[in-house]
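Now for the letters of each chain:
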Amino acid sequence: MTTSGSSTPDLKSAQKSKSKKDYSIYFQPPSLKEAKKRGKEEVTVHYNFSIPEDMEGIGRGKRYLVRTYGCQMNEHDSETISGILEQMGYAPAKDETEADIILFNTCAIRENAEDKVFGELGHMKRMKYNNPNLILGVCGCMSQEESVVNKILKSYQHVDLIFGTHNIHRLPHLLRDALFSKEMVVEVWSKEGDIIENMPKLREGSIKAWVNIMYGCDKFCTYCIVPYTRGKERSRRPDDVIAEVRELARQGFKEITLLGQNVNAYGKDFEDITYGFGDLLDDLRKIDIPRIRFTTSHPRDFDDHLIEVLAKGGNLVEQIHLPVQSGSTEVLKKMARKYSREHYLELVRKIKAAIPHAALTTDIIVGFPGETEEQFEETLSLVEEVGYDSAYTFIYSPREGTPAAVMEDNVPHEVKKQRLQRLMDLQNRISLEKNLALQGEVVELLVEGESKTNPDVLSGRTRTGKLVHFAGDKSLIGQFVHVRITEAKTWTLHGEIVTKVGV
Ligand code: 5AD
Ligand code: SF4
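Since the structure is predicted, the reported quantities are computational estimates derived from the model, not experimental observations. (Residues numbered from 1 in each chain as written. Chains lettered and ligands numbered in written order. Predicted model: local features only at pLDDT ≥ 70, side-chain atom pairs only at ≥ 80, totals over all residues. Heavy atoms only, no water.)

Peer 1: Describe the state of the cysteines, with residues and values.
Peer 2: Using the criterion set out here, one finds 0 disulfides in the structure. C141 provides the cysteine sulfur closest to C139, a residue in no disulfide bond, and the two sulfurs are 9.8 Å apart. Note on C139: relative accessible area 1%, which makes it buried. (Disulfide = S-S within 2.5 Å. Buried < 20%, exposed > 50% of the residue type's maximum accessible area, 1.4 Å probe, protein only.)

Spelled out as structure tokens, the structure:
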């Protein structure tokens, strides 16, 4: 591994001497085969993150931009990346033209997410031509895929830096390499890293905050790339999570969302204590923070203790995202979801009995390899039976290296598109019905800000995660209000203010 020493190298001349043909790889590209292995070695938690002395002020007078694609986990990683860059002295750029460093924090979940990034990376060639000193980096899930790294090495040589999801804490070192070497810097660990605590985070806003509780996924659903790009399940220690939430409460945050690819598996990797997700929520609910959400749940690990704790309510809000993926037991088996339609419906029944006002949301994939019309109709009937408040729906996208990518698929794309439309039509009808049932009701909102389309209107969310627009004074932003629902649409609600909560 090549890193510069502590003496201050000559940045200007190093950058000037960079030319396209000088680029080469520093490190081994990632390997999906390696990423699949699940080691028994213990996870070490590191508490001593710091910026190397020679990189501390390196960004002074310079600006950065992080472009984020994909899920909340990526959004939160970008907050860490921004925090690290700001600790090195960089300031945020308004747009890419004034940026000295641009990082693409990418998503690999479906092919169209990747196509978008490659399109944007292509546009960056001109940017780089106009400003040869610009540092262009790619990180996030795409950088964990060997095919992506090879493609960038071959066809996107204007990229200066590629780093993986386990290498974020190495950013200052990698940036040093990228600034002072003539070569493309690639550092992607295929084997998952340890847990790094105490990295700086630049949180967006001061009302809602993400909090990681675990990293990685061991489920290996056959369609999914995440276990390869995010590594094995590693839970943060309860004390570290609790301390972070306490600190956010102290800073005045009103809502936190606990993050993990499979939050229900929280704690299963602890060897010294028996402490699961239910235990964590039971401890967190005692902290004086008004709202706690979490995402994403896997139905397989959603146990009775967790339902019991959620039923206590209080700051544990009644919104549960419970991806089902398919309503057909046969398809679920091919997906390796490890539950049946009946098991899922039983779980939903238990949740509804314990938490009567719970809003359930889900993720569904249509057109999984070989999905028959009957199997798809089982998905429709499950959606009807559960009555989700909303659903994220996707056409199956083959991901290289996953088991489903080599399954025989006789379903024409046109049929998949029609199924998606039929599913969306059904869900939209149900979402509208659910929203119409709220008309005339008074709901509690956390006011998040001005409406995106009309600055005279404020927007807030109910405990169940529904977006409500209402006319109100900007001083209410960050406060709780009671609003009566006056108009219901498929995706949004409109209301009028009744009282400020606590007044
Ligand atoms: N194709 C389509 N959708 C996918 N998802 C995950 N992998 C794929 C894929 N290969 C969906 C699942 C998951 C959500 C985050 O993305 O529904 O829950
Ligand atoms: Fe992917 Fe399944 Fe893990 Fe979710 S639980 S991240 S769908 S492998």
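Peer 1: Go over the site of ligand 2 with me, naming the residues and quoting the values.
Peer 2: With respect to spatial proximity, the complete set of residues near ligand 2 consists of C217, K219, F220, C221, Y223, C224, V226, P227, H298 and R337. Broken down by class, the residue content of the shell around ligand 2 amounts to 7 nonpolar, 1 polar and 2 charged. (Near = heavy atom within 4 Å. Nonpolar A, V, L, I, M, F, W, Y, C, P; charged D, E, K, R; others polar.)

Peer 1: How would you explain helix 3 (residues 72–87) if you had to name every residue and give the values?
Peer 2: Taking 1.5 Å of rise per residue, 16 residues should cover 22 Å, and helix 3 covers 23 Å from first to last C-alpha, within 8% of that figure. With respect to burial, helix 3 is a largely interior element, 12 of its 16 residues being buried. The complete set of buried residues in helix 3 reads M73, N74, H76, D77, S78, E79, T80, I81, S82, G83, I84 and L85. Phi turns positive, to about 100°, at G89, one or two residues after helix 3. (Helix = DSSP H or I, 4+ residues; strand = E, 2+ residues; numbered from the N terminus. Expected span 1.5 Å × (residues − 1).)

Peer 1: For the environment of V309, give the residues involved together with the corresponding values.
Peer 2: When you line up the elements, V309 lands in helix 10 (residues 304–310). Classification of V309 by relative accessible area gives buried; the value is 1%. The spacing of V309 and L281 is 28 residues in sequence and 7.1 Å in space, taken between C-alpha atoms. With residues near it in sequence (within four places) discarded, V309 still touches G278, L281, D282, R285 and L316. (Contact = heavy atoms within 4.5 Å.)

Peer 1: Tell me about the sheet that holds strand 15 (residues 359–366), and please be specific about residues and values.
Peer 2: The parallel open sheet is built from 3 strands, whose spatial order is 14-15-16. Of all the strands in the sheet, the pair left with one neighbour each is strand 14 (319–321) and strand 16 (390–395). Strand-to-strand twist of the sheet, defined as the mean angle between neighbouring strand axes without regard to direction, takes the value 10°. With 3 bridges connecting them, strand 14 and strand 15 associate as parallel partners. Bridge pairing in strand 15 places H321 opposite T361. Seen against the sheet, helix 14 (residues 413–436) touches strand 15 and strand 16 and runs at an angle of roughly 175° to strand 16. (Pairing = 2+ DSSP bridges. Axes fitted to C-alpha atoms, helices over the stretch in contact; angles between N-to-C directions.)

Peer 1: Tell me about the nonpolar core, and name the residues and values.
Peer 2: Ranked by size, the top nonpolar core spans 68 residues in total, and within it L258, F277, L281 and I351 carry the most contacts. Excluding anything up to four places from it in sequence, L281 contacts L258, I292, F294, L306, V309, L310 and L316. In this structure, F118, L121, C141 and M184 belong to the second largest nonpolar core, which totals 34 residues. (Core = buried A, V, L, I, M, F, W, Y, C linked by side-chain atoms within 4.5 Å.)

Peer 1: Go over the packing of aromatic side chains, please, and point to the residues and values.
Peer 2: Taken as a whole and assessed by the stated rule, the structure comprises 9 aromatic pairs. Pairing Y223 with F368 gives two aromatic rings, centres 6.4 Å apart and planes at 85°, and the pair type is edge-to-face. In this pair, Y223 is assigned in the loop between strand 10 (214–215) and helix 7 (226–230) and F368 in the loop between strand 15 and helix 13 (373–386), connecting sequence segments 145 residues apart. Using a relative accessible area of 9% as the deciding quantity, one classes Y223 as buried. Ring centres of Y339 and Y344 lie 6.0 Å apart, and the angle between their planes is 35°; this geometry places the pair in the tilted category. Y344 shares its class with Y339; the two are buried. Grouped by ring-pair contacts, the aromatic residues Y223, F368 and Y396 constitute a single cluster. (Phe/Tyr/Trp six-rings, centres within 6.5 Å; stacked < 30°, edge-to-face > 60°.)

Peer 1: Tell me about the site of ligand 1, residues and numbers included.
Peer 2: Around ligand 1, the structure places I109, R110, Y223, Q325, D363, I365, F394, I395, Y396, S397 and R399. Between Y223 and ligand 1, the recorded distance is 3.0 Å, taken from a backbone N or O atom to a nitrogen atom. Relative to its free-state accessible area of 410 Å², ligand 1 is covered by the protein chains to the extent of 87%. Looking at the shell around ligand 1, the elements that each hand over two or more residues are strand 15 and strand 16. Among the residues forming the shell around ligand 1, the class breakdown is 6 nonpolar, 2 polar and 3 charged. (Polar contact = N/O pair within 3.5 Å; in protein donor to acceptor, adjacent residues only side chain to side chain. Areas by Shrake-Rupley, 256 points an atom, 1.4 Å probe, with all protein chains shown as cover.)

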